[in-house]
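Structural features, examined
Take a look at the letters that make up each chain.
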Protein chains: 2
Amino acid sequence: MTEVFITDDHPIVLDGLRNLLETSEDILPAGIFQNGTDTLKALKEREPDVLLLDINLPDINGIELSKQIHDTYPELKIIILSVHNEKAVIRSVLQNGVNGYVLKNSIGDDILEAVRKVMDGDLYMCRQTRQIYESEDSNGPDVIPKITRREREILQLVTEGYTSAQIADKLFISPYTVETHRKNLMEKFDVNNMTAIIRYATEFKLL
Amino acid sequence: MTEVFITDDHPIVLDGLRNLLETSEDILPAGIFQNGTDTLKALKEREPDVLLLDINLPDINGIELSKQIHDTYPELKIIILSVHNEKAVIRSVLQNGVNGYVLKNSIGDDILEAVRKVMDGDLYMCRQTRQIYESEDSNGPDVIPKITRREREILQLVTEGYTSAQIADKLFISPYTVETHRKNLMEKFDVNNMTAIIRYATEFKLL
DNA sequence: TAAAAAATACCTGAAACGAGGGATGGGAAT
DNA sequence: ATTCCCATCCCTCGTTTCAGGTATTTTTTA
């Protein structure tokens, strides 16, 4: 019997998933959580075989969380269940050691299959995820760039429409420093103006 | 018996909702759809009492769709069930004649109550929605600005990082014209640079 | 505690953007 | 038939951003 933890912030989704898993003979919903903190707490008590994890959680970003959990519990199979169909998101979580990625518009069977496949030691992606993952073309970063605390702060303020001078005032630093952070951000995102970054930052919920 | 149509692009959510409605004596899930087109088609055949509608649909934007449906079937009660917790989104759909707004992180009881309340002729909002709706402070537009086809096109290209000159080249128009569109966009969103717009446009999925 | 990463600051010149105008023609709706 | 909206184009000037560096001081992390 495969024991599964489920973490998603929408009660209706949790209901749907619990029902789904209960219909199968070999899979048991062993824990249901609505945020990252509760999930981490429960893992300290008891380690299931599989964790079905959403990315948009109220407290911790699911991408970070997947890395953290994988590092602490390397035996635990993690399957991401998310609406995020951006290549950078998919590649980022897979780099974090995740074992499966299923888009939320998938049917229930895909989720059951994902659980079984990762228990066999395979990497599972639903069809659409695989397509996106393999697509070479595309614009935008291949993975989500890692940005520092200060960079996130500057990005936040740029997104709110503040100029470098205004940001410098707010943070009590030199405008030159703000400019440097901007330049570093543009380099990390591989673009040549801030407008192009904001789209990704909002899309990836980096702010 | 209250007949309910449900439209949401996630099968798992649909399952959860169907189960939820079936637990109640007085509410009947009468139709389940994964996109706007199917919903419109079904409405031509048969009109339920209530439509539970998601905003993020693959084919038609739920905000537009709610307006269209309300105009055609004014008797039909529409309840929006969405992750969008932005004031501008809530106010926009309510202006479209929607009868209820429930956030997706609500519990099942909230949804059942929403159905019953709107059948009584009341406007229903879950607690969190009401809070956001009533919040006077806040930054950002109160409703989602209506932008023209051309403006959307320019906004799209700005978001992708193109300069005005590059956009002018692409669209075979004068850079002056591009500048004019930018200015009109900034006026509509009530901001003074494009960066501030992109955040909303991405958040509201205007692109 | 040594090395790496992050945050800070400075300089210059070119390119792009924003604020503030005015103006015209075409098409849709009333 | 006329008004309104949309898309188009033009001009100027000041501000802001971007690209190209270099360099020092804190923090973190290994």
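Residues numbered from 1 in each chain as written. Chains lettered and ligands numbered in written order. Predicted model: local features only at pLDDT ≥ 70, side-chain atom pairs only at ≥ 80, totals over all residues. Heavy atoms only, no water.

**Examining the protein's contact with DNA strand D**
The immediate surroundings of DNA strand D are formed by 18 residues, with Lys183 and Asn192 of chain A together with Thr148, Ser174 and Thr177 of chain B found nearest. The sugar-phosphate portion of DNA strand D accounts for 65% of its atoms within 4 Å of the protein, the bases making up the rest. Contacts to DNA strand D include Arg182 of chain A, whose side-chain N or O atom sits 3.3 Å from a phosphate oxygen. At a separation of 2.5 Å, a phosphate oxygen of DNA strand D approaches a polar backbone atom of Ser174 of chain B. Of all the secondary-structure elements, those providing two or more residues to the surface near DNA strand D are helix 9 (175-189) of chain A together with helix 7 (149-159) and helix 9 (175-189) of chain B. (Near = heavy atom within 4 Å. Polar contact = N/O pair within 3.5 Å; in protein donor to acceptor, adjacent residues only side chain to side chain. Helix = DSSP H or I, 4+ residues; strand = E, 2+ residues; numbered from the N terminus.)

**Examining the domain arrangement of chain A**
According to the domain assignment, chain A consists of domain 1 (2-134) and domain 2 (149-203). Distance between the C-alpha centres of domain 1 of chain A and domain 2 of chain A: 33 Å. (Domains from an automatic or database assignment.)

**Remarks on the protein's contact with DNA strand C**
Taken together, 18 residues lie near DNA strand C, and Thr148, Arg150 and Ser174 of chain A together with Lys183 and Asn192 of chain B sit nearest. Backbone sugar and phosphate groups make up 67% of those atoms of DNA strand C lying within 4 Å of the protein. The separation between a phosphate oxygen of DNA strand C and a polar side-chain atom of Arg182 of chain B is 3.1 Å. Taken together, the elements giving at least two residues each to the surface near DNA strand C come down to helix 7 (149-159) and helix 9 of chain A together with helix 9 of chain B. The class makeup of the residues in the surface near DNA strand C is 4 nonpolar, 9 polar and 5 charged. (Nonpolar A, V, L, I, M, F, W, Y, C, P; charged D, E, K, R; others polar.)

**As for the packing of helix 7 of chain A against helix 10 (residues 194-203) of chain A**
Packed helix pairs are characterised by how far apart their axes lie and by the angle those axes make with each other. Residues and elements named next belong to chain A. Viewed as axis vectors pointing N to C, helix 7 and helix 10 meet at an angle of 105 degrees, and their least axial separation amounts to 10 Å. What the angle tells us is that helix 7 and helix 10 run roughly perpendicular. Between helix 7, through Leu155, Val158 and Thr159, and helix 10, the contact on the second element is made entirely by Met194, Ile197, Ile198 and Ala201. Tallied by class, the residues present in the contact of helix 7 with helix 10 amount to 6 nonpolar, 1 polar and no charged. (Axes fitted to C-alpha atoms, helices over the stretch in contact; angles between N-to-C directions. Parallel < 35°, antiparallel > 145°, perpendicular 65-115°, else oblique. Contact = heavy atoms within 4.5 Å.)

**Details of the relation of the copies chain B and chain A**
Between chain B and chain A, the superposition needs a rotation of 180 degrees and an axial shift of 0.0 Å, giving an RMSD of 0.1 Å. Expressed as an axis order, the relation between the two copies is that of a two-fold axis. Judged by C-alpha distance, Gly16 of chain B is the residue of chain B that lies nearest the rotation axis, at 2.0 Å. In this assembly, 100% of the residues forming the interface of chain B have copies in chain A that are likewise at the interface, indicating an isologous arrangement. (Least-squares fit on C-alpha atoms with pLDDT ≥ 70 in both.)

**Quick notes on the interface of chain B and chain A**
Taken together, the contacts link 26 residues of chain B with 26 residues of chain A. In terms of surface lost to chain A, no three residues of chain B exceed Ile12, Thr195 and Arg199 of chain B, which account for 27% of the buried area on that side. For the pair chain B and chain A, the interface holds 0 salt bridges. Where chain B touches chain A, the interface holds 4 residue pairs in polar contact (both at pLDDT 80 or more). Broken down by secondary-structure element, the contributors of at least two residues to the side of chain B that touches chain A are helix 1 (11-23), helix 7 and helix 10 (194-203) of chain B. (Buried area = accessible area lost by both parts, 1.4 Å probe. Salt bridge = Lys/Arg side-chain N within 4 Å of Asp/Glu carboxyl O.)

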